[in-house]
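Coordinate inspection notes
Residues per chain, in single letters:
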Amino acid sequence: MTGGTIQWYPGHMARAMRRLAEDVKIVDLVIEVIDARVPLSGANPALDRVAANKVRLRVLTREDLADPEQTRRWVERLRETRPTIALAAKEPSGPARLRAAVTAVAAGLRSPRALVLGIPNAGKSTVINALAGRKVARTEDRAGVTRGIQWFRLENGLEVMDTAGILAPKIETDEAQWRLAMVGAVPRARFDAEEVIARFQRWAEGASASNAVPKLETFAQSRGFIRHGNVSDVHNAALAYMKEFGEGRFGRLTLEEAAP
Ligand SMILES: Nc1nc2c(ncn2[C@@H]2O[C@H](COP(=O)(O)OP(=O)(O)O)[C@@H](O)[C@H]2O)c(=O)[nH]1
Ligand SMILES: [Mg+2]
């Protein structure tokens, strides 16, 4: 995949970051949601500037889909810079652990307000619902600036904005492109799924725990994506392939390794 395969509009990105900066201004605490499969590419260092004076908590989501040993290393590494926890949406103790972590970082703040943010598909709505302990009506990413903001209150008095802030995905390298595409952070129309899968598959060949990652051609045959003359229908198989990856069918994989 060449650098231009995924087109991301700088205007769109700039607008998203401006909106985010507006929302961040009115909170004391930011909860940054990052997919545990992409601890590096799933973050955007521009947040350091936008949230320079805020208290911050990092939440790695989809722990159930990431390599457990990698997640352990990443959490250890990331804690060197700020409080970090890893969660899986279905983990029964997840919401309580999340609220405890938020309470701990909010200690010392008076009547604090918090904003949940992250790149598209990071798991922001899931985190908001876990904090609230129920399905919050409006968890969609915020599309406007400071209009109609609603808050819900936690037992500890902390107020959380009911809509998440969108952090623009940082797609500067080829590696970040295919990884962010695989985890669903990039709209389908903006990348070539076959190329993204080819990159992922090549990465998996070089990684250790990758026996379960099939080539797209093999996947197409095994799932019955076959056209007349026994030709693999890789085009339609590609979408099914990405879906199965997202369900963890190829094993628990972290696309960016933390050194031991
Ligand atoms: N397997 C798994 N799926 C998750 C987890 N967290 C979120 N998801 C799923 O990922 C998708 C996107 O999550 P969502 O919270 O809507 O992401 P948002 O776009 O950042 O708000 C949804 O289908 C969630 O059910 C998790 O910890 N594990
Ligand atoms: Mg959402």
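Below you will find a few notes about this structure. Just so you know, these numbers come straight off a predicted model, no measurement behind them.

**Some points on the pairing of strand S4 (residues 113-118)**
As a general feature of sheets, a regular strand has side chains that alternate between the two faces. S4 sits mainly inside the fold: five of its six residues count as buried. With five bridges joining them, strand S1 (residues 29-35) and S4 adopt parallel strand pairing. Within S4, the residue paired with Leu-29 across the bridge is Ala-114. The pairing of S4 with strand S6 (residues 159-161) spans two bridges and is classified as parallel. Residue pairing across strands places Arg-113 opposite Glu-159, the latter belonging to S6. Pairing between S4 and strand S7 (residues 165-166): two bridges, direction parallel. For Leu-117, the partnering residue across the bridge sits in S7 and is Gly-165.

**Describing the pattern of salt bridges**
Inspection of the entire model under this criterion finds 23 salt bridges. Here Glu-22 and Lys-25 are joined by a salt bridge, their closest N and O atoms 3.1 Å apart. Here Glu-22 and its partner Lys-25 are both found in helix H1 (residues 10-25), three residues apart, which amounts to about one turn of the helix. Taking the relative accessible area as the measure of exposure, Glu-22 reaches 30% and is therefore partly exposed. Lys-25 gets classed as exposed once you look at its relative accessible area, which sits at 58%. The salt bridge involving Glu-32 is made with Arg-82; its shortest N-O contact spans 3.7 Å. Here Glu-32, found in strand S1, pairs with Arg-82, found in the loop between helix H3 (68-78) and strand S3 (84-86); they are 50 residues apart in sequence, far enough to count as distant. Relative accessible area serves as the criterion here: at 15%, Arg-82 is assigned to the buried category.

**Re helix H5 (residues 124-132)**
Residues of H5 that are buried include every one of Lys-124, Val-127, Ile-128, Asn-129, Ala-130 and Leu-131, and no others. Gly-133 occupies a position one or two residues after H5 and carries a positive phi of about 75°.

**A look at the packing of helix H6 (residues 174-182) against helix H7 (residues 193-206)**
Look at H6 against H7: their axes get within 9 Å of each other, and the N-to-C directions meet at 105°. Comparing their axes, H7 and H6 come out roughly perpendicular. Along its contact with H6, which presents Asp-174, Glu-175, Trp-178, Arg-179, Ala-181 and Met-182, the element H7 presents Val-196, Ile-197, Arg-199, Phe-200 and Trp-203. Classifying every residue of the contact of H6 with H7 gives seven nonpolar, no polar and four charged.

**What about the side chain of Arg-58?**
Inspection of the secondary structure assignment puts Arg-58 in strand S2 (residues 55-61). In this structure, Arg-58 is buried with no salt-bridge partner, the nearest side chain bearing the opposite charge being Glu-32 at 4.5 Å. For Arg-58, the side chain forms a polar contact with the side chain of Thr-81, separated by 2.9 Å. Beyond its immediate stretch of four places on either side in the chain, Arg-58 contacts Glu-32, Ile-34, Leu-78, Thr-81, Arg-82, Pro-83, Thr-84 and Ile-85.

**Considerations on unusual backbone geometry**
Within the chain, Ser-111 stands out as a residue other than glycine whose phi angle is a positive 35°. On the basis of relative accessible area, Ser-111 is assigned to the exposed category, the value being 62%. In this model, Asn-230 sits at a positive phi of 60°, which is unusual for a non-glycine residue. Under the relative-accessibility criterion, Asn-230 is labelled exposed at 55%.

**What about the environment of Glu-63?**
Along the chain, the position of Glu-63 falls in the loop between S2 and H3. Assessed through its relative accessible area of 24%, Glu-63 is described here as partly exposed. Residues Glu-63 and Glu-32, spaced 31 residues apart in sequence, show a C-alpha to C-alpha distance of 15 Å. Apart from the residues lying within four places of it in its own chain, the contact partners of Glu-63 are Thr-71, Ala-86, Leu-87, Ala-88, Glu-91, Arg-97 and Arg-252.

What counts, and where the lines are drawn
Residues numbered from 1 in each chain as written. Chains lettered and ligands numbered in written order. Predicted model: local features only at pLDDT ≥ 70, side-chain atom pairs only at ≥ 80, totals over all residues. Heavy atoms only, no water. Buried < 20%, exposed > 50% of the residue type's maximum accessible area, 1.4 Å probe, protein only. Helix = DSSP H or I, 4+ residues; strand = E, 2+ residues; numbered from the N terminus. Pairing = 2+ DSSP bridges. Salt bridge = Lys/Arg side-chain N within 4 Å of Asp/Glu carboxyl O. Axes fitted to C-alpha atoms, helices over the stretch in contact; angles between N-to-C directions. Parallel < 35°, antiparallel > 145°, perpendicular 65-115°, else oblique. Contact = heavy atoms within 4.5 Å. Nonpolar A, V, L, I, M, F, W, Y, C, P; charged D, E, K, R; others polar. Lys, Arg positive; Asp, Glu negative; His and termini not counted. Polar contact = N/O pair within 3.5 Å; in protein donor to acceptor, adjacent residues only side chain to side chain.

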